[in-house]
2 protein chains.
Amino acid sequence: MSSRLRTAGPFPGPDHDHAACVTRGLDAAEARCAEAGARLTPLRKRVLELLLAEGHRAVGAYDLLDRLADTDDGGKRPAPPAVYRALDFLVDQGLAHRLASVNAFIGCAWPDAAHRPQFLICRDCRAVAELDGGGLARNLDAAAEAAGFTLLDAVVEVGGLCPRCRPDETSDPDAASA
Amino acid sequence: MSSRLRTAGPFPGPDHDHAACVTRGLDAAEARCAEAGARLTPLRKRVLELLLAEGHRAVGAYDLLDRLADTDDGGKRPAPPAVYRALDFLVDQGLAHRLASVNAFIGCAWPDAAHRPQFLICRDCRAVAELDGGGLARNLDAAAEAAGFTLLDAVVEVGGLCPRCRPDETSDPDAASA
DNA sequence: ACGGTGATTGATACAATATAACATTGCGAT
DNA sequence: ATCGCAATGTTATATTGTATCAATCACCGT
Ligand SMILES: [Zn+2]
Ligand SMILES: [Zn+2]
Ligand SMILES: [Zn+2]
Ligand SMILES: [Zn+2]
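Residues numbered from 1 in each chain as written. Chains lettered and ligands numbered in written order. Predicted model: local features only at pLDDT ≥ 70, side-chain atom pairs only at ≥ 80, totals over all residues. Heavy atoms only, no water.

### Some details on the protein's contact with DNA strand C
- DNA strand C sits among 15 residues. The nearest are Tyr62, Tyr84 and Arg98 of chain A together with Thr41 and Arg85 of chain B.
- Here, DNA strand C places atoms within 4 Å of the protein, and 43% of those atoms are sugar or phosphate.
- At a separation of 2.4 Å, a phosphate oxygen of DNA strand C approaches a polar side-chain atom of threonine 41 of chain B.
- Of all elements in the fold, only helix H4 (80-92) of chain A together with helix H2 (42-53) and helix H4 (80-92) of chain B reach the threshold of two or more residues within the surface near DNA strand C.
- It is H4 of chain A that provides the largest number of residues to the surface near DNA strand C, a total of 4 residues.
- Partitioned by chemical class, the residues of the surface near DNA strand C number 8 nonpolar, 2 polar and 5 charged. (Near = heavy atom within 4 Å. Polar contact = N/O pair within 3.5 Å; in protein donor to acceptor, adjacent residues only side chain to side chain. Helix = DSSP H or I, 4+ residues; strand = E, 2+ residues; numbered from the N terminus. Nonpolar A, V, L, I, M, F, W, Y, C, P; charged D, E, K, R; others polar.)

### Remarks on the coordination of the zinc ion (ligand 2)
Residue and element names in this part refer to chain A.
- The zinc ion (ligand 2) binds to the protein through Cys122 (SG), Cys125 (SG), Cys162 (SG) and Cys165 (SG); the donor distances cover 2.1 to 2.3 Å.
- Geometry at the zinc ion (ligand 2) is tetrahedral, judged from its 4 donor atoms and the angles of 106 to 115° they form at the metal.
- Positions of the donor residues of the zinc ion (ligand 2), expressed as sequence spacing, correspond to C-x2-C-x36-C-x2-C. On the criterion of sequence distance, the pair formed by cysteine 122 in strand S3 (residues 117-122) and cysteine 165 in the segment after strand S5 (150-161) is long-range, its members being 43 residues apart.
- Overall, the relative accessible area of 1% leaves cysteine 122 in the buried class.
- Overall, the relative accessible area of 23% leaves cysteine 165 in the partly exposed class. (Donors = N, O, S within 2.8 Å, 3.2 Å for Na, K, Ca; no water. Tetrahedral: all angles 85-135°; square planar, octahedral: opposite > 155°, others 65-115°. Buried < 20%, exposed > 50% of the residue type's maximum accessible area, 1.4 Å probe, protein only.)

### Comments concerning the protein's contact with DNA strand D
- Surveying the vicinity of DNA strand D reveals 15 residues, the closest of which are Thr41 and Arg85 of chain A together with Tyr62, Tyr84 and Arg98 of chain B.
- In DNA strand D, atoms within 4 Å of the protein come 47% from sugar and phosphate.
- Contacts to DNA strand D include threonine 41 of chain A, whose side-chain N or O atom sits 2.4 Å from a phosphate oxygen.
- Those elements giving two or more residues to the surface near DNA strand D turn out to be helix H2 (42-53) and H4 of chain A together with H4 of chain B.
- Class assignment for the residues of the surface near DNA strand D results in 8 nonpolar, 2 polar and 5 charged.

### Things to note about the interface of chain B and chain A
- Contact residues are listed per partner, giving 36 residues for chain B and 37 residues for chain A.
- Roughly 3000 Å² of surface becomes buried between chain B and chain A when both sides are summed, with 61% attributable to carbon and sulfur atoms.
- Where chain B packs against chain A, one counts 2 salt bridges.
- With a shortest N-O distance of 1.7 Å, arginine 123 of chain A and aspartate 153 of chain B are connected by a salt bridge.
- Summed over the shared surface of chain B and chain A, the number is 14 residue pairs in polar contact (both at pLDDT 80 or more).
- Every element with two or more residues in the side of chain B that touches chain A is listed here: strand S3 (117-122), helix H5 (134-146) and strand S5 (150-161) of chain B.
- Taken together, the residues that form the side of chain B that touches chain A break down as 23 nonpolar, 9 polar and 4 charged. (Contact = heavy atoms within 4.5 Å. Buried area = accessible area lost by both parts, 1.4 Å probe. Salt bridge = Lys/Arg side-chain N within 4 Å of Asp/Glu carboxyl O.)

Spelled out as structure tokens, the structure:
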């Protein structure tokens with residue numbers, strides 16, 4: 001029975017209301033930037049939009065450049081620094097995350113709250129589940145403290161196979177819970 | 001006085017017997033490869049040696065190429081694939097680790113036992129402390145299981161400032177838990 | 001020893017990711 | 001208007017990592 005609930009888990013199914021995810025992310029971005037006195041410029045917003053539009057999958061910086069060209073009138077593709085600077089901004093604001101283990105980025109799934117994210121990243125399809133790493137983060141804090149180490153960033157990324165890509169899918173391929 | 005105990009922590013001080021670390025790593029490599037039926041060829045051994053010689057600091061693949069040239073008679077620098085293949089081998093055998101967050105590698109500090117490593121990585125000096133991530137790893141296992149995710153690799157890397165690089169070095173670093 | 005076989009290394013070229021450096025633009029404050 | 005500053009554009013380059021195929025080496029059975 002639990003298998004039918006799969007879409008309720010950290011990996012949203014293809015049927016979930018993803019437009020709501022995008023809207024929520026963009027709204028949160030506006031709010032957070034207003035609060036922080038930062039400027040969510042058109043370029044930055046468009047990059048965030050593209051990240052979110054990817055649907056909980058990791059996106060590379062150069063893929064973003066291609067998409068920017070596609071969605072731009074005239075198809076002008078910006079140069080790499082443009083997108084990297086936008087990504088830096090979004091990551092700084094906590095609106096996107098960098099996935100170091102795959103050299104890619106993802107729009108934040110929980111942009112409202114401060115959080116210490118950790119990620120499950122599918123090797124096959126690049127699907128990403130963003131979990132809250134509360135307990136684990138405290139564990140890391142303690143380890144760093146014990147080592148006399150000043151923690152600045154924690155990278156917790158688990159590579160593997162998501163529910164839809166792992167082979168023992170056979171008995172129940174209807175993951176869509178439909 | 002307590003500051004003198006700092007070297008006992010996960011970050012070994014410059015005064016520790018590092019030659020023993022190197023010897024231990026190389027011996028463990030021989031043993032493990034013999035047991036696994038793998039071949040610790042001269043190139044692989046030399047790469048491991050260079051990794052270990054770095055003294056618990058992260059080393060980039062191209063730095064290794066430079067060092068290979070330096071330590072080679074005639075100064076012949078191998079091509080990138082040579083060192084990447086050696087690194088792949090060492091990582092597969094658990095004799096070295098890849099540090100995804102800094103695109104670098106490090107010789108394993110505990111090459112004898114199977115382990116689920118996690119790392120503290122200094123942004124200033126690239127010093128690396130390798131911790132055993134036992135409890136944290138079980139935490140990740142549980143999270144992956146709950147998400148219907150097949151875990152293949154866990155990347156746990158904490159960036160920050162090591163005891164010797166952090167600024168508040170002066171007053172009283174009680175970290176040593178004297 | 002001999003030749004077959006697969007693993008390892010060499011060598012060339014290239015792909016993918018990311019940044020340095022400087023010019024230009026937009027926009028509000030003086 | 002113009003100064004100052006943040007953001008973006010532009011060009012070039014740095015850094016990290018692979019694909020591909022040729023040559024060589026270790027090992028095994030004969
Ligand atoms: Zn969604
Ligand atoms: Zn998948
Ligand atoms: Zn040592
Ligand atoms: Zn340091």
